[in-house]
Amino acid sequence: MSARSMQEPPGCEPGKGPREARLRAIEQTMRTMPERYLGADPGFDATYHLRLTDIGRTYELRCTETALRVRTGVSAREPDVVLTTDSDTWTRLRDGEINGLQAFLERKLHSRGNLDLAVALESLFRLPDGREPRLRLRRVDVGGGRAISTLTLGEGSDVVLIHGLGSAKSSFLELAALLAGAGHRVHAIDLPGFGSSSKPTLAPYTARWFADNVLRLLDALGIDAAHLVGNSMGGRVSLEVALRAPGRVLSVGALCPAVAFIKRDLHPLVRLLRPELTVFPHRISRRLIERQLWSLFADPSKLDPAVADVIIDEFQRIYGSAGARVAFAASARNIYLDRPFGRDGFYQRLSELEVPALFVWGTEDPLIPAAFARHVRRALPTAEQIVLEGCGHVPQVERAQQTAGMLRRLFVRAELRPRVAGRAA
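Residues numbered from 1 in each chain as written. Predicted model: local features only at pLDDT ≥ 70, side-chain atom pairs only at ≥ 80, totals over all residues. Heavy atoms only, no water.

1. Some details on the overall build of the protein
Part 1 of the argument: From N to C terminus, the protein includes 16 helices and 13 strands.
Part 2 of the argument: Expressed as a percentage of the 425 residues in the protein, the buried residues total 53%.
Part 3 of the argument: Taking the contacts inside the protein whose residues are at least 6 apart along the sequence as the reference set, 72% of them involve residues at least 24 apart.
Part 4 of the argument: Counting only carbon and sulfur atoms, one obtains 52% of the accessible surface of the protein, whose full area is about 19100 Å². (Helix = DSSP H or I, 4+ residues; strand = E, 2+ residues; numbered from the N terminus. Buried < 20%, exposed > 50% of the residue type's maximum accessible area, 1.4 Å probe, protein only. Contact = heavy atoms within 4.5 Å. Areas by Shrake-Rupley, 256 points an atom, 1.4 Å probe, with all protein chains shown as cover.)

Written out as structure tokens, the structure is:
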């Protein structure tokens, strides 16, 4: 319990209980919110229900491109997001003592509905003293009619976090908070085709195409060079960026990366599959998604069931888009078809990697076995490799603190060495 919640709020009148004083303080906060509203992107229109459990109040926030409307209670309008917290946590958020991501990870703030909109709410308001919000969520134009949804927080050297197949930046929320707290400016992104980014149905969705979009994002954000951290498919994309443009990459942290498969018995069949057929509406059952999600963890206790519900909701919502279904199928196909050897084979190209790299594997990974480490070692003996005993496919969630520590050490080593020169190929 915080010191704030153990005391009667300032201005508590004699004879008035702490609940009434908290209620008056929250009402004052709600009255000042419209004047702190920064506005939103053209066409933005989102409705939030804020439930403050300790004072028994629900507020409706209607955010549009230019204005915020606040009302006590709710209208008949269906909310895009339902946020549940207590008045002390909400006051600390308002004062900038913590950000919404921290509150969510500490289980002091619960969210249902569109997760990106939930994260975006904080970025729409100045802090009471006029400071900019502690985090920012935006869609960054990368050209070609595409935009990449990007969550940015912290200050310092730039780190870009890239998710895996079927996932989104939400898989990196805890690691983003840890790295931002350690002195880095962190950008957790949704690759095109995933999350809240653009979903072109005719895109190739190859590692090279994703890498090109990441480089465009660096340009749009004005980032000369960054540390890249990717999980699964995101690890493969991070390596592709470093191979094509070593001068733009300070280091690569590849977490259970989806490197090229050696055995590809189904190669002829997979080549015949047409991802564009998934444009036709179909649904994956919640039970199947839930089973697949939990299978990624060697220790299921590391994933809060409430957070799992949010992740499953997000996947179902996003997969309802035809573009997202095509992106998922095409990306999965390309991962399997990635050529391991021969001309332009992955491992031959990997041997030419110039930037510092860390490969992290899990002994209980059901998708990318830790045995892949030996293929990487043959191609790139200078790379650091760490095998986590009893860890599954998402070490940034299952071993967040340990993963953050390994990455921070990588970043320090990389920043002490001379920069690699090079341009995008």
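Here the narrative resumes.
2. Regarding unusual backbone geometry
Part 1 of the argument: One non-glycine residue with positive phi stands out, namely tyrosine 205, at about 55°.
Part 2 of the argument: Counting through the fold element by element, tyrosine 205 comes out in the loop between strand S9 (184-189) and helix H7 (207-221).
Part 3 of the argument: For tyrosine 205, a relative accessible area of 1% puts it in the buried group.
Part 4 of the argument: Here the phi dihedral of serine 232 falls at roughly 60°; this positive angle occurs in a residue that is not glycine.
Part 5 of the argument: Mapped onto the elements of the fold, serine 232 is located in the loop between strand S10 (226-231) and helix H8 (233-244).
Part 6 of the argument: You can call serine 232 buried: its relative accessible area is 9%.

3. Regarding the environment of proline 418
Part 1 of the argument: The residue proline 418 is located in the segment after helix H16 (400-416) in this model.
Part 2 of the argument: By relative accessible area, which is 67% here, proline 418 ends up exposed.
Part 3 of the argument: Sequence separation between proline 418 and leucine 250 is 168 residues; the distance between their C-alpha atoms is 9.7 Å.

4. Observations regarding the sheet that holds strand S8 (residues 157-162)
Part 1 of the argument: Taken together, eight strands build an open sheet; the order of strands is S6-S7-S9-S8-S10-S11-S12-S13 and the sheet is mixed. The open sheet terminates on both sides in strands that have one partner only, identified here as strand S6 (135-143) and strand S13 (384-388). Strand-to-strand twist across the sheet, computed as the mean angle between neighbouring axes with direction ignored, equals 20°.
Part 2 of the argument: Sheet topology note: the strand S12 (residues 357-362)/S13 ladder contains five bridges and is parallel. Looking at the pairing, leucine 358 lines up with glutamate 384 of S13.
Part 3 of the argument: Across the face of the sheet, H7 comes into contact with S6, strand S7 (146-153), S8, S9 and S10 while running at roughly 115° to S6.
Part 4 of the argument: In the packing of helix H14 (residues 372-379) onto the sheet, contacts are made with S12 and S13, and the angle to S12 comes to roughly 160°. (Pairing = 2+ DSSP bridges. Axes fitted to C-alpha atoms, helices over the stretch in contact; angles between N-to-C directions.)

5. So, the sheet that holds strand S3 (residues 68-72)
Part 1 of the argument: With mixed pairing, the five strands of this open sheet are ordered in space as S3-S2-S1-S4-S5. Lying at the two open borders of the sheet, with one neighbouring strand each, are S3 and strand S5 (110-113). Going across the sheet, the axis of each strand differs from the next one's by a mean of 20°, ignoring polarity.
Part 2 of the argument: For strand S4 (residues 81-85) and S5, the ladder comprises four bridges, and the chain directions are antiparallel. Its bridge partner being in S5, threonine 84 is matched across the sheet by histidine 110.
Part 3 of the argument: Helix H2 (residues 18-36) rests against strand S1 (45-52), strand S2 (57-64) and S3 of the sheet, and its axis sits at about 10° to S2.

6. Quick look at the packing of aromatic side chains
Any pair of aromatic rings gets described here by the distance separating the centres and the angle formed by the planes.
Part 1 of the argument: Throughout the structure, instances matching the rule amount to 13 aromatic pairs.
Part 2 of the argument: Taken together, the aromatic side chains of Phe194, Tyr205, Trp209 and Phe210 make up a single cluster linked through ring pairs. (Phe/Tyr/Trp six-rings, centres within 6.5 Å; stacked < 30°, edge-to-face > 60°.)

7. Things to note about the pairing of S10
Part 1 of the argument: Summarising burial for S10: six of the six residues are buried, a large majority.
Part 2 of the argument: Here S10 shows a buried face lined by Ala226, Leu228 and Gly230 and a second buried face lined by His227, Val229 and Asn231.
Part 3 of the argument: Pairing of S8 with S10 involves four bridges; the strand directions are parallel. Residue pairing in the sheet places leucine 161 in a bridge with valine 229 of S10.
Part 4 of the argument: As paired elements, S10 and strand S11 (residues 249-255) share six bridges and run parallel to each other. Residue histidine 227 lies in a different strand from S11, and its bridge partner there is serine 251.
Part 5 of the argument: Viewed along the sheet, the connection from S10 through H8 into S11 turns out right-handed. (Right-handed = clockwise from strand over helix to strand, strands pointing away.)

8. Concerning the side chain of histidine 163
Part 1 of the argument: Considering the arrangement of structural elements, one finds histidine 163 in the loop between S8 and helix H6 (173-181).
Part 2 of the argument: In terms of polar contacts, histidine 163 uses its side chain to reach the backbone carbonyl oxygen of serine 167, at 3.4 Å.
Part 3 of the argument: Engagement of the side chain of histidine 163 in a polar contact is seen with the backbone nitrogen of leucine 191, the distance being 2.9 Å. (Polar contact = N/O pair within 3.5 Å; in protein donor to acceptor, adjacent residues only side chain to side chain.)

9. Structural notes on empty space enclosed by the protein
Part 1 of the argument: Enumeration over the complete set of coordinates arrives at two cavities of 30 Å³ or more.
Part 2 of the argument: What the largest cavity holds in volume is close to 360 Å³.
Part 3 of the argument: What lines the largest cavity is a set of 22 residues, and nearest its centre among them are Trp90, Leu93, Gly100, Leu121 and Glu122.
Part 4 of the argument: Elements represented by at least two residues in the lining of the largest cavity include exactly H2, helix H3 (87-95), helix H4 (100-105) and helix H5 (115-122).
Part 5 of the argument: The leading source of residues in the lining of the largest cavity is H5, at five residues.
Part 6 of the argument: The calculated volume of the second largest cavity comes to roughly 90 Å³.
Part 7 of the argument: As for the second largest cavity, its lining consists of 14 residues, of which Leu115, Asp116, Lys169, Ser170 and Glu314 are closest to the centre. (1 Å grid on protein atoms, 1.4 Å probe; cavity = no way out; pocket = protein on both sides within 12 Å on 5 of 7 lines; lining within 4 Å. Points joined across faces, edges and corners; volume = space filled by probe spheres on them.)

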